[in-house]
Amino acid sequence: MMEWKSKYEAYMKKIHSSSSSSSSNSSSLEGNQPRQLEASLENNLNMIHQHMNHYADLVVRQVTLDKRDAALLFLTSITDQKLIQEGIVAPMQSPFLSHELKPGNGEYSPEPLDPFEQVYRERVHANFGQRSSDWSVLLDLMMKGHTVLLIDGYAEGVTFNTRSIEKRSIEQPQTEQVIRGSRDGFIEQLETNLSLIRYRLQTADLVVKTADLGTRSKSKTAVCYISGIANPDLVSEVMRRLSKIDIGGIIDAGYIEQFIEDQPISPFPQIQNTERADKTAAALLEGRIAILVEGSSFALIVPALFDQFFQTIDDYSERFLIASMLRFVRLMALIFSVFFPSLYVSVISYNPELMPTDFAVAIAGGRAGVPFPAMLEVLIMEASMEVLREATIRLPQMIGGALSIVGVLVIGQAAVSAGLSSPITVVIVALTTIGSFATPAYNAAIAMRMLRFPLIVLAGLFGLYGVMIGSIFIVNHLLYLESFGIPYLQSILTKKRAGIVDTIIRAPLWWMGKRPSYLYTIDDTRRGANTFQANFNKIFRPEETADAENRETQHDSAGHRDQ
């Protein structure tokens, strides 16, 4: 045993030493140890070939620039080679146009200006990137799709943005169904996502700050907010949390969400994610902050409170009576899906006298022959539905829908026929599953589905007292949660009218004149001061409104005659 352990430790030490040496080599390559370029182009190219010989997509193209040797370096996998040929290589073959003026006489000198400046001003048609003598800086840009230009006799290089990556077209979001609203959703390209936001918010106050996250991936991350609305303290807190992220790679926006949320171990999401550009723009107008990541089709919205996960942007496109009814339906479906199975178990197991006699007799007849207690029966059926739901999501869409329908029918009928479950239990579980689908946010729906299982166990052990204990724990946890310093239930428990009119109900737009007070926005006014009074008079005092409009029209006509 000791011999095996010593061999294992020696083997691990060997692996660690080799990985350290390889990491030191890669660090000089990736930029952790900056290396300055030399004036000799040959020496620079030798250094590049020595450290980058394993890059299969690296191209080093040597060119001539006004009798000077030069070289272009780029990666074929993420660059537009047509742009490189037509926008960089071909223009380099033409002579320089401008020359330096001799002092005093105004005549042109035969000696040209700095070739880097002249290449950028007169020849190259690609977007200018950065000029640096640090090879690690140029390498980082080349990994992002830039083309590096090196000229013999100059210990520096310049980059041009020739990035080109295949991307899918803009289409309707898959995770958020659009009833009434725009159908263009985010894609994996950050520039495209930012353009969708700017298309809706064509204001100079829209601020976009970018940074690279991930020591290896260096994923470009954008923080968006509206200057003059968003709270500066909230912006500073978001930037502070992002700056503390220390991980090798950021593959998706979900990585960032787990690092910056207040309570990572809570089942409830404290950061909202969305694929819809219109939803993101509406959040920015409220004073919230959006975080987008290169390579992810989801935007993160902070802060996010409890009521946001049960609202949709379509609510604001419909009339307020219809939107309020739909919100009330979602709330009822939420309560139904979380508490109904546990209430059923507690009543069946401990308090059957609470049911009407005929109904109790019908349930008892249906459960005759079932070998499991009510708690275990419901847990088995709920677990089966979760497995079926997960399988339906993972299967291809062509057969996923058919499996969900056939699976529910076959499993439910077979369970009842075999005596493993009663018909009423199948109905309870089916209604609970349907109620969970009414929650618009997928992550919030998962949290509610998780809570059903401990509530069912408490109901089976302690009856209605167990349901009450579980409910108290859930409410206390919600009261304890915060999202970027804002209480999770702030919008529901607030006494201010601005928070009440946009929670359970969706009041008319002209009632919502102020932005949410808990965001502490710089400009809390959402609409003009007279909007509400004008709409009130138009609805409830139409005669007075018509008389006022007639008098205003006559006054304007008299003013024009006087002029």
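The name recorded for the protein chain in an unreviewed UniProt entry is Spore germination protein, from Paenibacillus barengoltzii J12. Listed in UniProt under the heading Sequence similarities (unreviewed entry), the comment for the protein chain reads: "Belongs to the GerABKA family."

Asker: Quick question: what am I supposed to make of the sheet that holds strand β4 (residues 146-151) here?
Answerer: Consider a sheet: its strands pair through backbone hydrogen bonds, and that pairing is either parallel or antiparallel. As summarised here, the arrangement of the 5 strands in space is β1-β2-β4-β5-β3, forming an open sheet in which the pairing is antiparallel. Edge strands, defined here as strands with exactly one partner in the open sheet, are β1 (58-65) and β3 (127-132). Across the sheet, the mean angle separating the axes of adjacent strands is 25° when strand polarity is ignored. Where strand β2 (residues 68-75) and β4 come together, 4 bridges link them in antiparallel fashion. The partner of alanine 71 across the bridge, within β4, is leucine 150. In this fold helix α2 (residues 41-51) packs onto β1, β2 and β4, with an angle of close to 20° to the strand it touches most, β2. Its contacts with the sheet place helix α3 (residues 81-89) against β1, β2, β4 and β5 (157-161), and it is angled at close to 155° to β2.

Asker: I would appreciate a short explanation of helix α10 (residues 320-349) in the present structure.
Answerer: Think of an α-helix as 3.6 residues a turn; residues three or four steps apart then line up on the same face. For α10, spanning 30 residues, the distance from its first C-alpha to its last is 43 Å, which sits close to the expected 44 Å at 1.5 Å a residue. At phenylalanine 339, α10 is deflected by roughly 45°, the largest bend along its length, and proline proline 341 occurs up to four residues later in sequence.

Asker: Which parts of the structure should I look at to understand the nonpolar core?
Answerer: If you look at soluble globular proteins, the nonpolar side chains tend to sit buried side by side. In this structure, Val238, Leu242, Ile245, Ile256, Ile260, Ile289 and Phe484 are the most contacted members of the largest nonpolar core, which totals 20 residues. Counting residues per element, the ones that place at least two in this core are β7 (219-226), α7 (232-243), α8 (253-260), β9 (289-293) and β10 (299-302). Here this core takes 4 residues from α7, the largest share from any one element. With residues up to four places along the chain from it excluded, the contact list for isoleucine 289 reads Val223, Cys224, Tyr225, Leu234, Val235, Val238, Leu284, Leu300, Ile301 and Val302.

Asker: Explain the pairing of β2 to me, please; I cannot follow it from the model alone.
Answerer: Looking along a regular strand, one sees the side chains alternate between the two faces of the sheet. A large share of β2 lies buried, amounting to 6 of its 8 residues. Here β1 pairs with β2 via 8 bridges, running antiparallel. In the sheet register, glutamine 62 faces β2, and the bridge partner there is alanine 71. Joining the antiparallel neighbours β1 and β2 is a turn of 2 residues, in which aspartate 66 adopts a positive phi near 50°.

Asker: Hey, could you run me through the pattern of salt bridges in this one?
Answerer: Side chains that differ in charge, positive against negative, can pair when their charged atoms come close. Per the stated rule, a full pass over the model turns up 23 salt bridges. The partner of aspartate 315 in a salt bridge is arginine 327, and the shortest N-O contact between them spans 3.1 Å. Placement of aspartate 315 in the loop between β10 and α10 and of arginine 327 in helix α10 is noted, with a sequence separation of 12 residues between them. Across the salt bridge formed by glutamate 382 and arginine 452, the nearest N and O atoms sit 3.2 Å from each other.

Asker: Can you walk me through the sheet that holds β9 in this structure?
Answerer: Read across the open sheet, the 5 strands follow the order β6-β7-β9-β10-β8; overall the sheet is antiparallel. Both edges of this open sheet fall to β6 (206-213) and β8 (272-274), since each of them pairs with a single strand only. Ignoring which end each strand starts from, the neighbouring axes of this sheet average 25° apart. Alignment of β9 against β10, held across 4 bridges, turns out to be antiparallel. Across the sheet, the residue bridging to alanine 290 is isoleucine 301, located in β10.

Asker: Which parts of the structure should I look at to understand the packing of aromatic side chains?
Answerer: Two measures describe an aromatic ring pair: the distance that separates the ring centres and the angle between the ring planes. Summed over all chains, the structure comprises 6 aromatic pairs. An angle of 65° between the planes, with centres 6.4 Å apart, marks the rings of phenylalanine 268 and phenylalanine 306 as edge-to-face. With phenylalanine 268 in the loop between α8 and β8 and phenylalanine 306 in the loop between β10 and α10, the pair connects residues that are 38 residues apart, well separated along the chain. Phenylalanine 268 sits in the buried class, given a relative accessible area of 5%. Overall, phenylalanine 306 belongs to the buried group, its relative accessible area being 11%. Ring-pair connections join several aromatic residues into one group, and the members of that group are Phe268, Phe306, Phe310 and Tyr488. Directly above the ring of phenylalanine 484 sits arginine 241, whose terminal nitrogen or CZ lies 4.1 Å from the centroid.

Asker: Sorry, what's going on with the pairing of β7 here?
Answerer: Along β7, 7 of the 8 residues are buried, which leaves the element largely enclosed by surrounding structure. Relative to β7, β6 is paired through 8 bridges, and the arrangement is antiparallel. Note that in β7 the partner of valine 207 across the bridge is tyrosine 225. As consecutive antiparallel partners, β6 and β7 are separated by 5 residues, and within that stretch glycine 214 has a phi angle of approximately 100°, a positive value. Judged from the 4 bridges that link them, β7 and β9 form a sheet pairing that is antiparallel.

Asker: Just to check I follow, could you spell out unusual backbone geometry for this structure?
Answerer: The omega torsion of the bond from valine 302 to proline 303 falls at -10°, within 30 degrees of zero and hence cis. By secondary structure assignment, the location of proline 303 is in the loop between β10 and α10. For lysine 218, which is not glycine, the phi dihedral falls at a positive 50°. Position of lysine 218 among the secondary structure elements: in the loop between β6 and β7.

Asker: Which parts of the structure should I look at to understand a nonpolar patch on the surface?
Answerer: Side chains of Phe328, Met332, Ile335, Ile504 and Ile505 sit close together on the surface and give an oily, nonpolar patch of about 440 Å² of accessible area. Position of phenylalanine 328 relative to the elements: it lies in helix α10.

Asker: Got a minute to help me understand the UniProt feature "transmembrane region" (unreviewed entry) in the protein chain in this structure?
Answerer: In the numbering used here, UniProt assigns the feature "transmembrane region" (unreviewed entry) to residues 328-347, 399-418, 424-443 and 455-480. Helix makes up 100% of residues 328-347 and strand 0%, and the two end C-alpha atoms of the span are 26 Å apart.

Rules behind the numbers
- Residues numbered from 1 in each chain as written.
- Predicted model: local features only at pLDDT ≥ 70, side-chain atom pairs only at ≥ 80, totals over all residues.
- Heavy atoms only, no water.
- UniProt positions renumbered as here; feature names shortened; annotations may be inferred.
- Pairing = 2+ DSSP bridges.
- Helix = DSSP H or I, 4+ residues; strand = E, 2+ residues; numbered from the N terminus.
- Axes fitted to C-alpha atoms, helices over the stretch in contact; angles between N-to-C directions.
- Contact = heavy atoms within 4.5 Å.
- Expected span 1.5 Å × (residues − 1).
- Bend = angle between axes of the 7 residues up to and from the residue.
- Core = buried A, V, L, I, M, F, W, Y, C linked by side-chain atoms within 4.5 Å.
- Buried < 20%, exposed > 50% of the residue type's maximum accessible area, 1.4 Å probe, protein only.
- Salt bridge = Lys/Arg side-chain N within 4 Å of Asp/Glu carboxyl O.
- Phe/Tyr/Trp six-rings, centres within 6.5 Å; stacked < 30°, edge-to-face > 60°.
- Lys NZ or Arg CZ within 6 Å of the ring centre and 35° of its normal.
- Patch = residues over 30% accessible without salt bridge, like charges linked within 9 Å, V, L, I, M, F, W, Y side chains within 5 Å.
- Areas by Shrake-Rupley, 256 points an atom, 1.4 Å probe, with all protein chains shown as cover.

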